[in-house]
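Residue-level listing of the chains:
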Amino acid sequence: QASSILVTGGAGFIGSHSCKALKMAGYLPVVFDNLSTGHAEAVRFGPFVKGDIRDQDAVAAAISKHKITAILHFAASAYVGESVQHPNAYYDNNVGGMISLLKAASATGIKRIVFSSSCATYGVPETLPIIETTPQRPINPYGRTKLIGEQMLEDLAHVTDLTFACLRYFNAAGADPEGELGEQHDPETHLVPLALMAASGRREVLSIFGDDYPTPDGTCIRDYIHVADLARAHVLALQHLMQGKPSIKLNLGSGRGHSILEIVRAIEAKTGRKLPIRIEPRRAGDPPSLTADPSRAAEVLGFRAELSSLDQIIEDAAPWFGLKCNVAA
Ligand code: UFG
């Protein structure tokens, strides 16, 4: 019988792709999601429990009912700008949710947790690429809630037999290569989907937030990782913990940085469409450049991003925005 894994936030973008990867690896993903930002139609690989992670009894009941052996914890609020405007809501959902989840896990004897952390915990790093020991100094409430989540796990693991994996994602993008799952945030704030919408005519123009950064073309550089690569890393992290190995904290990135203008050009080349852009002022809180050193995840998990070229990310995401790619491009 397949080992059942509770996937909080399993109806969301990275969570749903991870459920597919779990299923393919022989696990049964049990999604626990309040559908505040997730989508019921993305729950396709196992049972669905509609509930809020801040409801400790509901989490514990789902764990018992479905004979859960480990948790993948994605459920969280994840808009940086919103977190600055509504810090209480972010501490409530992300930190409050973590407290309740950990209490439910401890009450039901769960000892393995994989946690969605973020490169946002590093703030504006002094050196690049970012390694796992780069100081974590988040510059917004979202990043702080993720750092607190990491620290809670660490404190608890000191005094119990809990082991955990904190996975610090860089910029998740793309979509299921088999076309079964895509990215659908509301509101959408992420660069790649917004750029694809502008290329398809679903939006008038792509705003570029700042072209005067200290980067080669003046636009911000990010490390984009294909969501299916991220999903596979979760399965590897889970297997690592299930084998009784120690807790880990890992960057998940491709190790390559791309500027906004590079993405614009790649989308134009792939789709043959003109992508209308407008240069706007900088967005508050954006570091000029964020790239991962992915070597620790390779050493510890044998994980390497395989689908994270810009071409592949664009090719897999494009159909969700009504775009066809010229594969020969
Ligand atoms: N950008 C634009 N125009 C847009 C949208 C984004 O120019 O319309 C720029 C941003 O200013 C940034 C880059 O594109 O320079 C990427 O922006 P995203 O919003 O796609 O992603 P971020 O780099 O801001 O990602 C951050 C953190 C993640 C976190 C995520 C949450 O780095 O860890 O926000 O949404 F998960």
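Residues numbered from 1 in each chain as written. Predicted model: local features only at pLDDT ≥ 70, side-chain atom pairs only at ≥ 80, totals over all residues.

*Asks:* Would you take a moment to explain the overall build of the protein for this structure?
*Replies:* Helices and strands together make up the secondary structure of the protein, namely ten helices and 13 strands. Against the globule reference of 20 Å for 329 residues, the protein gives a C-alpha radius of gyration of 19 Å, in line with a compact fold. Across its three principal directions, the C-alpha atoms of the protein cover 55 × 40 × 40 Å. Relative to its full complement of 329 residues, the protein shows a buried share of 50%. A fraction of 78% describes how many contacts in the protein between residues 6 or more apart in sequence connect residues 24 or more apart. (Helix = DSSP H or I, 4+ residues; strand = E, 2+ residues; numbered from the N terminus. Rg over C-alpha atoms; globule rule 2.2 N^0.38 Å. Buried ≥ 20, exposed ≤ 12 C-beta atoms within 10 Å, placed from the backbone. Contact = placed C-beta atoms within 7 Å.)

*Asks:* Would you mind showing me how to read the site of the ligand here?
*Replies:* Taken together, 20 residues lie near the ligand, and Ser 118, His 190, Leu 191, Phe 209 and Cys 220 sit nearest. Listed by contribution, the elements that provide at least two residues to the shell around the ligand are helix 6 (191-200) and strand 8 (206-209). Classifying every residue of the shell around the ligand by side-chain character gives twelve nonpolar, five polar and three charged. No fewer than three residues from each of domain 1 (4-173 + 224-252) and domain 2 (191-222 + 256-321) sit in the shell around the ligand. (Near = placed C-beta within 6 Å. Nonpolar A, V, L, I, M, F, W, Y, C, P; charged D, E, K, R; others polar. Domains from an automatic or database assignment.)

*Asks:* Help me understand the environment of Arg 168, please; the structure alone is not making it clear to me.
*Replies:* Residue position: Arg 168 is located in strand 6 (residues 163-169). Under the C-beta neighbour-count criterion, Arg 168 is labelled buried, with 26 such atoms within 10 Å. C-alpha separation for the pair Arg 168 and Gly 149, spaced 19 residues apart in sequence, amounts to 12 Å. Filtering out sequence-adjacent residues up to four positions away, Arg 168 remains in contact with Ser 117, Ser 118, Cys 119, Thr 121, Leu 250, Asn 251 and Leu 252.

*Asks:* Hey, could you run me through helix 10 (residues 310-317) in this one?
*Replies:* At 3.6 residues per turn, the α-helix brings residues three or four places apart onto the same side. Here helix 10 lies mainly inside the structure; six of its eight residues are buried. Those residues of helix 10 that fall on the buried side of the exposure criterion are Leu 310, Ile 313, Ile 314, Glu 315, Asp 316 and Ala 317. Next to the buried residues of helix 10 lie strand 7 (171-173), helix 6, strand 10 (224-226), strand 12 (258-259) and helix 8 (260-271).

*Asks:* Honestly, unusual backbone geometry in this entry has me stumped. Any pointers?
*Replies:* The omega torsion across Leu 128 and Pro 129 is -5°, close enough to zero to call that bond cis. Along the chain, the position of Pro 129 falls in the loop between strand 5 (112-118) and helix 5 (141-159). Here Leu 35, not a glycine, exhibits a phi torsion of approximately 60°, which is positive. Relative to the helices and strands, Leu 35 resides in the loop between strand 2 (28-33) and strand 3 (48-50). Classification of Leu 35 by C-beta neighbours within 10 Å gives partly exposed; the count is 16. With a phi close to 50°, Lys 67 is a non-glycine residue in the positive phi region. Turning to its location among the elements, Lys 67 is positioned in the loop between helix 2 (56-65) and strand 4 (68-73).

*Asks:* So what exactly am I meant to see when it comes to the sheet that holds strand 1 (residues 4-8) here?
*Replies:* Two orientations exist for strands paired in a sheet by backbone hydrogen bonds: parallel and antiparallel. Read across the sheet, seven strands follow the order 3-2-1-4-5-6-11 without closing on themselves; strand pairing throughout is parallel. Both outer strands of the open sheet, strand 3 and strand 11 (248-252), are each paired with one neighbouring strand and no more. Geometrically, the sheet is characterised by an average inter-axis angle of 20° between neighbouring strands, direction not taken into account. Pairing analysis gives three bridges linking strand 4 to strand 5, with the strands arranged parallel. Opposite Ile 71, over in strand 5, you have Ile 113 as the bridge partner. Each of strand 5, strand 6 and strand 11 is contacted by helix 5, which is oriented at about 155° to strand 5, the strand it contacts most. (Pairing = 2+ DSSP bridges. Axes fitted to C-alpha atoms, helices over the stretch in contact; angles between N-to-C directions.)

*Asks:* I'm lost on the nonpolar core in this one. Help?
*Replies:* Counting residues in each nonpolar core, the largest one holds 99 residues, and the members touching the most others are Ile 5, Leu 167, Ala 195 and Leu 196. Top element by residues in this core is helix 7 (residues 227-242). It accounts for nine residues. Setting aside anything within four residues of it in sequence, one finds Leu 196 in contact with Ile 267, Ala 317, Ala 318, Phe 321 and Leu 323. (Core = buried A, V, L, I, M, F, W, Y, C linked by C-beta atoms within 7 Å.)

*Asks:* Help me out: how do you make sense of the confidence of the model for the protein in this one?
*Replies:* Detailed reading of the predicted model is not advised wherever pLDDT is low. Per-chain confidence: the protein averages 97 in pLDDT, with 99% of residues scoring 70 or above. Here the predicted complex scores 0.97 on pTM and 0.95 on ipTM. (pLDDT = per-residue confidence, 0-100.)

*Asks:* Would you mind going over the UniProt feature "domain: NAD-dependent epimerase/dehydratase" (unreviewed entry) in the protein with me for this structure?
*Replies:* When the UniProt feature table is mapped onto this chain numbering, "domain: NAD-dependent epimerase/dehydratase" (unreviewed entry) sits at residues 5-253. Secondary structure content for residues 5-253 is 38% helix and 20% strand, and the end C-alpha separation is 24 Å. (UniProt positions renumbered as here; feature names shortened; annotations may be inferred.)

*Asks:* Would you take a moment to explain the environment of Tyr 142 for this structure?
*Replies:* Relative to the assigned elements, Tyr 142 resides in helix 5. Take Tyr 142: there are 25 C-beta atoms within 10 Å of it, and that puts it in the buried class. Along the sequence, Tyr 142 and Glu 268 sit 126 residues apart, while their C-alpha atoms lie 32 Å from each other. With sequence-adjacent residues up to four places away left out, Tyr 142 is seen in contact with Ala 78, Val 80, Ser 83, Tyr 90 and Ala 120.

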